[in-house]
Amino acid sequence: MTRFALLSSAAFMALALPVAAQTTLTVANWLPPSHPLVSELIVPMTQAIEEATHGEVKATLLPAPLGPPAAHFDFAVNGVADITFGVQGYNPGRFKTTNIVELPFLGNSAEAISVAYWRTFDTMLRDAGEYDDVHVLAVFSHGPGEVFLKEGDVSDVDVLKGRKIRVGGGIVHEVVSKLGAVPVEGPSSKSYELLSQGVADGITFPYESVNFFKLIPQLDKAIAVDGGLYNTSFYIVMNKAKWEALSPEVQDEINSVTGEALARKAGQMWDAADEKGRAAMEGKIAITPATDAQMDAWKTALQPLVDAKIEEASSTGIDGQAAYEFLTSEIAKETAE
């Protein structure tokens with residue numbers, strides 16, 4: 001056979017071989033690209049997916065928001081975007097199982113809480129069916145929420161009584177209400193405006209958010225609550241049809257870098273951001289640990305809310321108390337390691 005014939009035969013065989021088609025997934029984003037949730041979690045997640053699938057799946061962050069944060073879960077359900085992330089609390093009443101992780105005094109590490117949350121979700125909360133219309137890549141929590149004020153005696157048990165406190169989505173609205181404050185609703189992006197114009201006297205936020213949203217000049221004092229006054233639950237989900245269209249092998253590869261692994265990375269990201277945020281407050285915001293009297297009073301005041309939220313989670317068909325106990329035991333295990 002001539003050299004030309006050999007080359008032609010080789011070329012024909014190469015053309016005849018199946019070529020793996022690359023799947024491109026769109027990832028919706030509603031935060032500034034510089035936000036650590038985007039730059040240090042979502043972007044690395046897209047890179048990890050591409051690496052894990054050997055380039056067979058490429059996830060691309062969309063250049064502009066598709067709509068408000070509250071719409072993003074349905075963007076994944078309806079295939080407007082292939083992967084979305086967000087805060088379940090932005091859709092009031094829709095996700096009752098998130099109550100379990102948003103309760104007060106759970107722990108001081110977002111990593112420990114997030115890993116424990118994923119395990120609780122995967123073992124028990126998934127059965128509630130709240131996420132049946134999507135494939136869940138991760139659920140996790142930001143760092144423990146603290147209290148930040150413009151002024152006042154931060155050692156007073158009733159320090160929040162009558163204060164106008166900006167809150168976000170989820171359980172925190174009810175938490176500050178139970179402690180006598182007046183909740184002021186508003187997205188994170190409006191926090192500076194609410195504080196600077198006197199609409200709010202203070203804010204509940206993790207350290208990271210106070211720093212990122214440039215609120216340090218608006219605040220003078222902070223109360224560090226052991227275990228956090230609240231937590232905020234997040235999701236990362238994928239369109240179900242897109243997920244089911246992937247081969248089992250590719251699904252396994254993506255699972256290897258999502259789930260608990262992604263929840264852990266999310267928690268590590270929040271912990272690092274909180275550490276950076278707290279460091280930025282040095283000499284500018286006086287941070288005082290909550291007193292024993294405050295902790296005792298607040299735990300007593302909030303226990304009925306804790307009980308009610310666990311019962312609400314149980315209304316989905318899961319055992320809310322068992323899930324809460326499993327979560328706290330997993331947090332304790334992670335914290336001890």
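Shown above is the structure to which this text applies.
As a starting point, this report considers the structure included with it. (Residues numbered from 1 in each chain as written. Predicted model: local features only at pLDDT ≥ 70, side-chain atom pairs only at ≥ 80, totals over all residues. Heavy atoms only, no water.)

**Examining the packing of aromatic side chains**
All chains considered together, the criterion is met by 13 aromatic pairs. Each ring, one from tryptophan 118 and one from phenylalanine 121, has its centre 5.4 Å from the other, and the planes form 40°; the classification is tilted. Taken together, the residues span about one helical turn, with tryptophan 118 and phenylalanine 121 both in helix H5 (residues 110-123) at a distance of three residues. As far as the burial class goes, tryptophan 118 and phenylalanine 121 line up, both buried. Between phenylalanine 212 and phenylalanine 213 the ring centres are 5.1 Å apart and the planes differ by 85°, which places this aromatic pair in the edge-to-face class. Given a relative accessible area of 22%, phenylalanine 212 falls into the partly exposed group. Note on phenylalanine 213: relative accessible area 19%, which makes it buried. Within the aromatic cluster, the residues linked to one another by ring pairs are Phe73, Phe95, Trp118, Phe121, Tyr131 and Tyr235. (Phe/Tyr/Trp six-rings, centres within 6.5 Å; stacked < 30°, edge-to-face > 60°. Helix = DSSP H or I, 4+ residues; strand = E, 2+ residues; numbered from the N terminus. Buried < 20%, exposed > 50% of the residue type's maximum accessible area, 1.4 Å probe, protein only.)

**Observations regarding unusual backbone geometry**
Unlike most non-glycine residues, phenylalanine 105 shows phi in positive territory, near 65°. Relative to the helices and strands, phenylalanine 105 resides in the loop between helix H4 (99-102) and H5. At lysine 214, a position not held by glycine, the phi torsion is positive, near 55°. Here lysine 214 shows up in the loop between helix H8 (207-212) and strand S9 (221-224).

**Some details on helix H11 (residues 260-280)**
For H11, built from 21 residues, the straight-helix expectation of 30 Å at 1.5 Å per residue is met to within 8% by its first-to-last C-alpha distance of 30 Å. Buried residues along H11 sit against helix H2 (36-52), H5, strand S4 (134-141), H8 and strand S10 (233-239). (Expected span 1.5 Å × (residues − 1). Contact = heavy atoms within 4.5 Å.)

**Quick look at the layout of surface pockets**
Approximately 820 Å³ is the volume found for the largest pocket. Forming the boundary of the largest pocket are 47 residues, of which Val87, Tyr90, Gly168, Gly169 and Gly170 lie nearest the centre. Only H4, strand S6 (164-167), helix H6 (172-178), strand S8 (202-205), H8 and helix H12 (292-314) provide two or more residues apiece to the lining of the largest pocket. By residue number, the principal contributor to the lining of the largest pocket is H6, which donates three residues. Residue classes in the lining of the largest pocket are distributed as 20 nonpolar, 18 polar and nine charged. In this structure, the second largest pocket occupies an estimated 190 Å³ of space. If you list the elements that add at least two residues to the lining of the second largest pocket, you get H11 and strand S11 (286-289). For the lining of the second largest pocket, the element with the highest residue contribution is H11, accounting for four residues. Each residue belonging to the lining of the second largest pocket can be placed in one class, and the counts come to six nonpolar, one polar and six charged. (1 Å grid on protein atoms, 1.4 Å probe; cavity = no way out; pocket = protein on both sides within 12 Å on 5 of 7 lines; lining within 4 Å. Points joined across faces, edges and corners; volume = space filled by probe spheres on them. Nonpolar A, V, L, I, M, F, W, Y, C, P; charged D, E, K, R; others polar.)

**Brief notes about the pairing of strand S5 (residues 146-149)**
Residues of S5 alternate between two faces, with Glu146 and Phe148 on one and Val147 and Leu149 on the opposite face, all of them buried. Looking at chain direction, S5 and S9 are connected through three bridges and run antiparallel. From the neighbouring strand, valine 147 faces S9, where its bridge partner is isoleucine 223. (Pairing = 2+ DSSP bridges.)

**Regarding H5**
Helix length check: H5, at 14 residues, gives a terminal C-alpha distance of 20 Å against a target of 20 Å (1.5 Å per residue), a fit within 8%. Summarising burial for H5: 11 of the 14 residues are buried, a large majority. Inspection of H5 places Ala110, Ala112, Ile113, Ser114, Val115, Ala116, Tyr117, Trp118, Arg119, Thr120 and Phe121 among the buried residues, and these make up the whole buried set. Check the buried side of H5 and you find it contacts H4, S4, S10, H11 and helix H13 (320-336). Looking at where H5 begins, the residue whose side-chain oxygen comes 3.2 Å from the main-chain nitrogen of glutamate 111 is serine 109. (Polar contact = N/O pair within 3.5 Å; in protein donor to acceptor, adjacent residues only side chain to side chain.)

**Focus on the side chain of asparagine 231**
Note that asparagine 231 resides in the loop between S9 and S10. Within polar-contact distance, the side chain of asparagine 231 engages the backbone oxygen of leucine 103 at 3.3 Å.

**Structural notes on the sheet that holds S5**
In space, the six strands of this open sheet follow the order S7-S6-S8-S5-S9-S11, with mixed pairing throughout. Strands at the two margins of the open sheet, each flanked by one partner only, are strand S7 (182-185) and S11. With direction set aside, neighbouring strand axes in the sheet form an average angle of 30°. (Axes fitted to C-alpha atoms, helices over the stretch in contact; angles between N-to-C directions.)

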